[in-house]
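Geometric and topological summary
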Amino acid sequence: TFNKNNILKTTISDFVYNCTKAVHSHVDIITQFKTAVDRLVQENAQLKEDKLQLLEEISCLKSAAIQSQNSIISLQDELLDCKDDQLISVQSTVTDAVKTTVQTE
């Protein structure tokens, strides 16, 4: 019986050891999984922050583009006004020249 008890103790001891080893292995896996999830959560938060910053930059660029377009339109209006003044001046000069020519003849 002493031998059987020793064999039984050894078997139980081995079983407990193997169970403990398995539990530690599972704990390691769970710890690694938690670490990976924590990292993903942190990376996701950083991505959200980066996205918000990019959206803000895009908004600023859109505003700048609109301001540039408004400046171009304003300059085009000024150019058209100058061209109108030029045409009126040329028309007046031609009219005066024709009148002078007609009067001299």
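Structure first, text after, so check above.
These figures come from a predicted structure and were not determined experimentally.

**Things to note about the overall build of the chain**
The helix and strand tally for the chain stands at one helix and zero strands. Its C-alpha atoms give the chain a radius of gyration of 45 Å, clearly above 13 Å, the size a compact globule of 105 residues would have. Referenced to the eigenvectors of the C-alpha coordinate spread, the extents of the chain come out at roughly 150 × 15 × 5 Å. For the chain, the residues scored as buried account for 0% of the 105 residues in total. Roughly 9900 Å² of accessible area belongs to the chain as shown, and the carbon and sulfur atoms make up 62% of that amount. With 10 positive and 15 negative side-chain charges, the chain shows a spacing of 27 Å between the two charge centroids.

**Here we look at the pattern of salt bridges**
Where charged atoms of side chains with opposite charge meet at close range, the side chains can pair. Applying the stated criterion across every chain yields a total of two salt bridges. Across the pair Asp38 and Lys34 runs a salt bridge whose closest N-O atoms are separated by 2.8 Å. Here Asp38 and its partner Lys34 are both found in helix α1 (residues 2-104), four residues apart, which amounts to about one turn of the helix. Taking the shortest distance from any N to any O, the salt bridge between Glu43 and Arg39 comes out at 3.7 Å. A residue pair is termed a helical-turn pair when its members lie 3 or 4 positions apart in one helix, as Glu43 and Arg39 do in helix α1 at four residues. In this structure Glu43 comes out as partly exposed when scored by relative accessible area, which is 40%.

**Topic: a nonpolar patch on the surface**
A cluster of nonpolar side chains, contributed by Leu8, Ile12, Phe15 and Val16, occupies part of the molecular surface with about 400 Å² of accessible area. By the secondary structure assignment, Leu8 is in helix α1.

**A short note on the environment of Leu80**
Inspection of the secondary structure assignment puts Leu80 in helix α1. Classification of Leu80 as exposed rests on a relative accessible area of 52%. Sequence separation between Leu80 and Lys34 is 46 residues, and the spatial gap between their C-alpha atoms is 68 Å.

**Topic: a negative patch on the surface**
Taken together, the side chains of Asp77, Glu78, Asp81, Asp84 and Asp85 present a region of like negative charge at the surface. In this fold, Asp81 is placed in helix α1.

Conventions used here
- Residues numbered from 1 in each chain as written.
- Predicted model: local features only at pLDDT ≥ 70, side-chain atom pairs only at ≥ 80, totals over all residues.
- Heavy atoms only, no water.
- Helix = DSSP H or I, 4+ residues; strand = E, 2+ residues; numbered from the N terminus.
- Rg over C-alpha atoms; globule rule 2.2 N^0.38 Å.
- Buried < 20%, exposed > 50% of the residue type's maximum accessible area, 1.4 Å probe, protein only.
- Areas by Shrake-Rupley, 256 points an atom, 1.4 Å probe, with all protein chains shown as cover.
- Lys, Arg positive; Asp, Glu negative; His and termini not counted.
- Charge placed at Lys NZ, Arg CZ, Asp CG, Glu CD.
- Salt bridge = Lys/Arg side-chain N within 4 Å of Asp/Glu carboxyl O.
- Patch = residues over 30% accessible without salt bridge, like charges linked within 9 Å, V, L, I, M, F, W, Y side chains within 5 Å.

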